[in-house]
Amino acid sequence: MKNLRITLGVAAIAIGSFAAFSFAPASSNAKVALQEFYVNPDGSRGPQVSGENECNNSSQVICSAEYDTSTNLPTGNKIHRGVRQP
């Protein structure tokens, strides 16, 4: 009977620990915000794209690109080329 209580006690501690870590908030490093921004002629990040981008795909100049807002660096994804047509 004593062994059963010890086994149940250990199981309860293990389940409690698992539950505590399961519902713990995620680390702040896991929150990556990717947003698309227009690229200025000098290559710096410009205003945020809202809705559809206004790039006309007429040249090889980068018009807009996706940026990681936590690092302020381009991700290399969602690159649109051309000239912005406002």
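Looking at the secondary structure, you find C63 in strand β3 (residues 62-68). A residue is classified by how much of its surface remains accessible, and C63, at 4% relative accessible area, is buried. The sequence separation of C63 and G46 amounts to 17 residues, and the corresponding C-alpha distance is 9.7 Å. Leaving out residues up to four positions away in the same chain, C63 has contacts with Y38, V39, C55, H80, R81, G82, V83 and R84.

Below, the discussion takes up the state of the cysteines. As enumerated under the stated definition, the model contains one disulfide in all. Here C55 engages in a disulfide with C63; their sulfurs sit 2.1 Å apart. Here C55 and C63 share a disulfide; its torsion about the S-S bond, -85°, makes the bridge left-handed. On the basis of relative accessible area, C55 is assigned to the buried category, the value being 11%.

Take the pairing of strand β1 (residues 34-39) next. Pairing of β1 with β3, which is carried by five bridges, proceeds in the antiparallel orientation. The partner of Q35 across the bridge, within β3, is Y67. Here β1 pairs with strand β2 (residues 45-48) via two bridges, running antiparallel. Note that in β2 the partner of V39 across the bridge is R45.

By the element assignment, S64 lies in strand β3. Here the side chain of S64 touches E36 through a polar contact of 2.8 Å, side chain to side chain. Among all residues touching S64, those that are not within four sequence positions of it are E36, F37, Y38, V39, V49, N53, C55, K78, I79 and H80.

The rules behind the values
Residues numbered from 1 in each chain as written. Predicted model: local features only at pLDDT ≥ 70, side-chain atom pairs only at ≥ 80, totals over all residues. Heavy atoms only, no water. Helix = DSSP H or I, 4+ residues; strand = E, 2+ residues; numbered from the N terminus. Buried < 20%, exposed > 50% of the residue type's maximum accessible area, 1.4 Å probe, protein only. Contact = heavy atoms within 4.5 Å. Disulfide = S-S within 2.5 Å. Pairing = 2+ DSSP bridges. Polar contact = N/O pair within 3.5 Å; in protein donor to acceptor, adjacent residues only side chain to side chain.

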